[in-house]
Amino acid sequence: DTGVSQNPRHKITKRGQNVTFRCDPISEHNRLYWYRQTLGQGPEFLTYFQNEAQLEKSRLLSDRFSAERPKGSFSTLEIQRTEQGDSAMYLCASSFGGGGAYNEQFFGPGTRLTVL
Amino acid sequence: KNEVEQSPQNLTAQEGEFITINCSYSVGISALHWLQQHPGGGIVSLFMLSSGKKKHGRLIATINIQEKHSSLHITASHPRDSAVYICAVQSGSARQLTFGSGTQLTVLP
């Protein structure tokens, strides 16, 4: 396993279009996170899955955003009716949730979205 | 006020210099992470710590829980250390990270 992968790496779309991103976590990791990073800022949390269950969602995740993780493996993040403010790097991370409350997260390379 | 604040925002150093990046946070935490981000976006975890000090090669991370403060030190800096260094915290039973805005480090040869 070579780590967390994300596809596509870059996406350019027109305002109003729908886009979908995919994240493939490290295979034995049961936790998966989506973050969004705008230029010059640190990433911001969007949502978190433990196995197939979506356990937390940020206020940043408006109704236009939906995420799924069927069967607790890969995850998809869909943005409907994209807006220019959605332009950002979308990062996926995964971790193995053991007995401790905290754990190292492994990040994918990100998907850079540009909305024209 | 952001929950996680880093300083400085930008740092330029000459090769060989000792570098310190600071991180302060305002909430109780279960762990603090130091991460490195290179141009293009890839983020690599450097340290995860909840107390004391950790060392890996030329990198040292310390944390003072009482003062809610952590530092990342780089000894004998090298141009390949040039990157954005990000501090992030995990608090309470939450699993997600709350990030600082990062420190852009440039090491000149």
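Computed from a prediction, not measured in an experiment: that's the story for all the values here.

Cut-offs and rules
- Starting from 1, residues in each chain are numbered consecutively following that chain's sequence as written.
- Just so you know, chain letters begin at A and ligand numbers begin at 1, following the order they were written in.
- Reporting of local features is limited, given that this is a predicted model, to residues whose pLDDT is at least 70; pairs of side-chain atoms are given and counted only at 80 or more, and all residues count toward the totals for whole chains, interfaces and linings.
- Hydrogens and water are ignored here; the side-chain numbers use all heavy atoms of the structure.
- Strand pairing is assigned whenever DSSP identifies at least 2 bridges connecting the two strands.
- Counting from the N terminus, the helices are DSSP H or I runs at least four residues long and the strands are E runs at least two residues long.
- Axis angles are defined between N-to-C directions and span 0 to 180 degrees, where every axis is a line fitted to C-alpha atoms and, for a helix, only to the segment in contact.
- Each reported salt bridge corresponds to a side-chain nitrogen of Lys or Arg within 4 Å of a carboxyl oxygen of Asp or Glu.
- Working definition: with a 1.4 Å probe on protein chains only, accessible area under 20% of the residue-type maximum means buried, over 50% means exposed, and in between means partly exposed.
- Only a pair of cysteine sulfur atoms within 2.5 Å qualifies as a disulfide here.
- In what follows, a contact means two residues having at least one pair of non-hydrogen atoms within 4.5 Å.
- Buried area: the accessible area, evaluated with a 1.4 Å probe, that two parts lose upon being put together, summed over both parts.
- What qualifies as a polar contact is a pair of N or O atoms within 3.5 Å, subject to a donor-acceptor requirement within protein and to the restriction that residues adjacent in sequence count only when both atoms come from side chains.
- Amino acids outside the nonpolar list (Ala, Val, Leu, Ile, Met, Phe, Trp, Tyr, Cys, Pro) and the charged list (Asp, Glu, Lys, Arg) are all regarded as polar, and Gly is one of them.

## Let's talk about the sheet that holds strand β7 (residues 59-64) of chain B
All names here are of chain B.
Part 1 of the argument: What the five strands build is an open sheet, ordered β1-β3-β8-β7-β6; its pairing is antiparallel. Strands with a single pairing partner mark the edges of an open sheet, and in this sheet they are β1 (4-7) and β6 (52-56). When strand polarity is set aside, the average angle formed by the axes of neighbouring strands in this sheet is 15°.
Part 2 of the argument: Where β1 and strand β3 (residues 19-25) come together, four bridges link them in antiparallel fashion.

## Details of the pattern of salt bridges
Note that side chains of opposite charge can pair when their charged atoms are close.
All names here are of chain A.
Part 1 of the argument: Tallied over the entire structure, the rule returns four salt bridges over all chains.
Part 2 of the argument: Here Arg-64 makes a salt bridge to Glu-83, at a shortest N to O gap of 3.4 Å. Of this pair, Arg-64 sits in the loop between β6 (53-57) and β7 (65-68) while Glu-83 is found in the loop between β8 (75-79) and β9 (88-95), placing the two residues 19 residues apart along the sequence.
Part 3 of the argument: Taking relative accessible area as the criterion, Arg-64 reaches 12% and is therefore assigned buried.
Part 4 of the argument: The exposure class assigned to Glu-83 is partly exposed, which follows from its relative accessible area of 40%.
Part 5 of the argument: In this structure, Asp-86 engages Arg-64 in a salt bridge whose closest nitrogen and oxygen atoms are separated by 2.8 Å. Residue Asp-86 is found in the loop between β8 and β9, and its partner Arg-64 is found in the loop between β6 and β7; the two are separated by 22 residues along the sequence. The exposure classification of Asp-86 matches that of Arg-64, with both residues buried.
Part 6 of the argument: Among the ionic contacts, a cluster of salt bridges with common partners joins Arg-64, Glu-83 and Asp-86.

## A closer look at the state of the cysteines
Part 1 of the argument: Per the stated rule, a full pass over the model turns up two disulfides over all chains.
Part 2 of the argument: The disulfide partner of A:Cys23 is A:Cys92, and the gap between their sulfur atoms is 1.8 Å. Between A:Cys23 and A:Cys92, the S-S dihedral sits near -65°, and the bridge is therefore left-handed. Here A:Cys23, found in strand β3 (residues 19-24), pairs with A:Cys92, found in strand β9; they are 69 residues apart in sequence, far enough to count as distant.
Part 3 of the argument: Each sulfur of the disulfide joining B:Cys23 and B:Cys87 lies 2.0 Å from the other. Its S-S torsion of approximately -60° makes the covalent link between B:Cys23 and B:Cys87 left-handed.

## Digging into the interface of chain B and chain A
Part 1 of the argument: Each partner contributes to the interface: chain B provides 21 residues, whereas chain A provides 21 residues.
Part 2 of the argument: Summed over both sides, the interface between chain B and chain A buries roughly 1700 Å², with carbon and sulfur atoms accounting for 56% of that surface.
Part 3 of the argument: Linking chain B to chain A there are zero salt bridges.
Part 4 of the argument: One can count four residue pairs in polar contact (both at pLDDT 80 or more) joining chain B with chain A.
Part 5 of the argument: At the level of elements, β4 (31-37), β5 (43-49) and β9 (83-90) of chain B are the ones that each hand at least two residues to the side of chain B that touches chain A.
Part 6 of the argument: No other element matches the four residues that β4(B) contributes to the side of chain B that touches chain A.
Part 7 of the argument: Split into classes, the residues belonging to the side of chain B that touches chain A amount to eight nonpolar, 12 polar and one charged.

## Examining the environment of B:Val107
All names here are of chain B.
Part 1 of the argument: Tracing the backbone through its elements, the reader meets Val-107 in strand β11 (residues 103-108).
Part 2 of the argument: Given a relative accessible area of 3%, Val-107 falls into the buried group.
Part 3 of the argument: Sequence spacing of Val-107 and Ala-61 is 46 residues, and the spatial spacing of their C-alpha atoms is 19 Å.
Part 4 of the argument: Residue contacts for Val-107: discarding those within four places in its chain leaves Ala-13, Gln-14, Glu-15, Ile-19, Ser-77, His-78, Pro-79, Asp-81 and Ser-82.

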